[in-house]
Amino acid sequence: MIRLLRSKLVLWISTIIGLYHIIIAGQFLPQIGLFIPTQVHLAISLTCALIIIFILFRATKKESSKIPFYDYLLIGCSIVSLGYVIFFYDRVLQYSQFGFLDGTGVLLAILLCIPLLEAVRRKTGWVFPILILSLVSITIFQKYLPGILYGEGYDLDRLLYSAFVGSSGIFGLPLKVATSILIVFLIFGALLERAGAGKWFMDVALSLTGWSKGGPAKAAVLSSALFGSISGSPSGNVATTGVFTIPLMKKVGYTPKFAGAVEATASTGGQFLPPVMGAIAFVMAEWIGVPYAQIAIAALVPALLYFLIIFVSVHLQAYKEGIPALPRNELPDFWKVFTAGWYYLIPIIALVYFLIVKGFTPEISGIYSLPFLIGCSFLSKDRENWLLPKNIMLSFETAVKGWVLIAVVTGAVGIMVGALELSGVGIKFSQFILDVSGGNLLVTLLLVGLASLILGMGLDSIPAYITLATLIVPALIQMGIPDISAHLFVVYWGLSSFITPPVCIAVYVACGLSGSKVWETGGEAVRLGIAAYLIPFAFIFSPGLLLKGSVSDITIAVITAIAGSILLACSIRGYFIKNMNTVERVVTGIAGLLLIGPGVLYPLIGFILGIAVLLWQRFTKVKSNAELPSELPN
């Protein structure tokens, strides 16, 4: 009975939270003469997020669903601290003017930081809170630390001022994006899924690819790419789409480890794919201060190359292992599937129109697209897909439950950013990378990539990006790399941690569905997702891949990169027009890398090597699998 009442309470609270944020993000209140200061709005949002988390999530998995007394204390601390910001905003402004906190201010900041960090721990684990506390400790004890960590040091009250009042603190840019843009797009995605679009995307992908060899794996790549772009979480995307795709891939003959790896890499790649990019594009646009459209356009070709390698890989693996296509009588008819759900494209087209053509802000574009989405749902023949009030409320609940994690994480990021600004560790870390690399661009990129991979481990996509943008990106910008290129570089390397053992969250989720082992699936995912490690180097040295430069430069860069990506997939899978031996795989891999390289000379050499391998394979005797050397993994 208590659990039922709590679920209904959460449903109604989530609906109110969703409607409130749509009203605020849509700027409807100023039209009737009402104004809410930004910091007050952020405090209201963070209060809602913390209350939801402490109602729904226990401190340990072993605890019962009953809310313990200390969670009520944490809720009370949150309400007292954030309530002060809401109802006594003028006094908070005075703190900002004076430049320090009095005893009351210090107490209020502590009452906020403790529940905020505990909420982050419950939703993400220990990694991110420990990182924040480590940076805070470094700032306090800097004068006793060696090397790049040494500095003047600051007292706890100065740190709390930075977190509670500072422009880069808890109520800084990341939380602003979370409470305006991100929640709107989470609501959009939840409504789209509730209307049945997720299943329609899967059916369309299967009808397009199922007839070919490896069709189910190709369908998994397409559907996970589309859904992953709007889901905001690689691991969440695996859990959603993998339930359907992984069993289907295993059914047609793919090994469990390969099926799990395909789903993990495709779901992670959704974070690279415009227009939404798992909401990273919107945070990046606000962070850099450029229009969203510039981010989306620049990110398009690298994302398509990433998925091209995965798509070709599953195709070649099907030929190599003799995996048959699905019988056409088991496949949905494309035209029937398309005509049954074509209207799902209307809200997506409307979203792109408002974003790109009209140039509206992301949150306004998302809100303006919602009526199209709700209206289109009534074109479905299945009444369960109609977005009536009940389904809308359930969608709000789904969206808000996903948003509360983003809200508390982006709030907690403010503590970290404030500490980094005071200590200067972020600038020193970037300078340290430059000193170690000796100013060599390639070495700098390698060090930045490795650091991004390590720092991204255990973090969700948005906190990973914000951490890397703060700590790592300045090193690339100091090397003269353009802002968008630098930020995309760390996004690719940081999010590759989702598929790179040992902390490969997306792979862990996929293994739970495929029944495979983590390390073997992770190794397969690294090979399938090799573009995440290589493509960032390509677009740094060849800006044409970001659609920058002359038409001829862009055309050459894109065409050669496509050819190089295909050859890389052949090398990784060990199959071109037939099985390849070790030498052929190595030469083909080198050819692929050269084709992706900058300029004309490197791609030309790669093209010649690729043609040589093709001719060699064409005019030499086919060997059986047993005769092939096995020094390289399949």
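Before any of the text, the structure's been laid out above.
Rules behind the numbers
Residues numbered from 1 in each chain as written. Predicted model: local features only at pLDDT ≥ 70, side-chain atom pairs only at ≥ 80, totals over all residues. Heavy atoms only, no water. Core = buried A, V, L, I, M, F, W, Y, C linked by side-chain atoms within 4.5 Å. Buried < 20%, exposed > 50% of the residue type's maximum accessible area, 1.4 Å probe, protein only. Helix = DSSP H or I, 4+ residues; strand = E, 2+ residues; numbered from the N terminus. Contact = heavy atoms within 4.5 Å. Salt bridge = Lys/Arg side-chain N within 4 Å of Asp/Glu carboxyl O. Phe/Tyr/Trp six-rings, centres within 6.5 Å; stacked < 30°, edge-to-face > 60°. Lys NZ or Arg CZ within 6 Å of the ring centre and 35° of its normal. Patch = residues over 30% accessible without salt bridge, like charges linked within 9 Å, V, L, I, M, F, W, Y side chains within 5 Å. Areas by Shrake-Rupley, 256 points an atom, 1.4 Å probe, with all protein chains shown as cover. Axes fitted to C-alpha atoms, helices over the stretch in contact; angles between N-to-C directions. Parallel < 35°, antiparallel > 145°, perpendicular 65-115°, else oblique. Left-handed = near helix turned anticlockwise from the far one by under 90°. Nonpolar A, V, L, I, M, F, W, Y, C, P; charged D, E, K, R; others polar.

*Asks:* Lay out the nonpolar core with the relevant residues and their values.
*Replies:* Counting 207 residues, the largest nonpolar core has F171, W403 and F489 as the members making the most contacts within it. For this core, the element with the highest residue contribution is helix α18 (residues 389–423), accounting for 19 residues. Excluding residues within four positions of it along the chain, F171 makes contact with Q39, L42, A43, L82, V85, L112, F164 and K176.

*Asks:* How would you sum up the side chain of T521? Please name residues and give values.
*Replies:* Of note, T521 is situated in helix α25 (residues 518–528). On the accessibility criterion, T521 (0% relative accessible area) is buried. Those residues in contact with T521, other than ones at most four positions away along the chain, are K257, G260, A261, V507, C511 and S516.

*Asks:* Tell me about the pattern of salt bridges, and please be specific about residues and values.
*Replies:* Taken as a whole and assessed by the stated rule, the structure comprises eight salt bridges. A salt bridge links K401 to E397; the shortest N-O distance between them is 3.3 Å. Here K401 pairs with E397, and both are found in helix α18, just four residues apart, close to one helical turn. Across the pair R527 and E524 runs a salt bridge, and its minimum N-O distance is 3.3 Å. Of this pair, R527 and E524 both sit in helix α25, separated by three residues, roughly a single helical turn. A single salt-bridge network, built from bridges that share partners, covers R58, D71, E118, R121 and R122.

*Asks:* So what's going on with the environment of P332? Residues and values would help.
*Replies:* Along the polypeptide, P332 turns up in the loop between α14 (292–321) and α15 (334–341). Look at P332 and you get partly exposed, because its relative accessible area is 23%. Distance in space between the C-alpha atoms of P332 and I356 is 33 Å, their sequence separation being 24 residues. Beyond its immediate sequence surroundings of up to four residues, P332 is in contact with D203, L206, S207 and V337.

*Asks:* Please set out the packing of aromatic side chains residue by residue, giving values where relevant.
*Replies:* A full pass over the atoms with the stated rule returns 28 aromatic pairs. With a centroid separation of 6.2 Å and 25° between ring planes, the pair formed by W335 and F338 is classed as stacked. A residue pair is termed a helical-turn pair when its members lie 3 or 4 positions apart in one helix, as W335 and F338 do in helix α15 at three residues. Since its relative accessible area comes to 57%, W335 is described here as exposed. Aromatic side chains F354 and F372 sit 6.2 Å apart centroid to centroid with 55° between the ring planes, which places their arrangement in the tilted category. Here F354, found in helix α16 (residues 345–357), pairs with F372, found in helix α17 (residues 362–377); they are 18 residues apart in sequence, far enough to count as distant. Given the relative accessible area of 11%, F354 is considered buried. Between the NZ or CZ atom of R121 and the centre of the ring of W126, over which it lies, the distance is 5.1 Å. Sitting over the ring of Y319, K213 keeps its end group 5.4 Å from the ring centre.

*Asks:* Run through a nonpolar patch on the surface, naming residues and quoting values.
*Replies:* A cluster of nonpolar side chains, I556, I577, V600, L604, F607, I608, I611, L614, L615 and F619, forms an exposed patch at the surface whose accessible area comes to about 930 Å². Element by element, the count of residues in the nonpolar patch is highest for helix α29 (residues 601–619), at seven residues. Looking at the element boundaries, F607 is found in helix α29. Judged by its relative accessible area of 47%, F607 falls in the partly exposed class.

*Asks:* How would you summarise the packing of helix α27 (residues 551–573) against helix α28 (residues 582–596) if you had to cite specific residues and measurements?
*Replies:* At a minimum axis separation of 7 Å, α27 and α28 run at an interaxial angle of 160°. With respect to α28, the axis of α27 lies roughly antiparallel. The hand of the α27/α28 crossing is left-handed. Contact residues: α27 offers T560, A561, A563, G564, S565, L567, L568, C570, S571, I572 and R573, while α28 offers R585, T588, G589, A591, G592, L593, L595 and I596. Partitioning the contact of α27 with α28 into residue classes produces 10 nonpolar, seven polar and two charged.

*Asks:* Describe the environment of M457, with residues and values.
*Replies:* Within the secondary structure, M457 sits in the loop between α20 (441–456) and α21 (461–471). Sequence separation between M457 and F98 is 359 residues, and the spatial gap between their C-alpha atoms is 39 Å.

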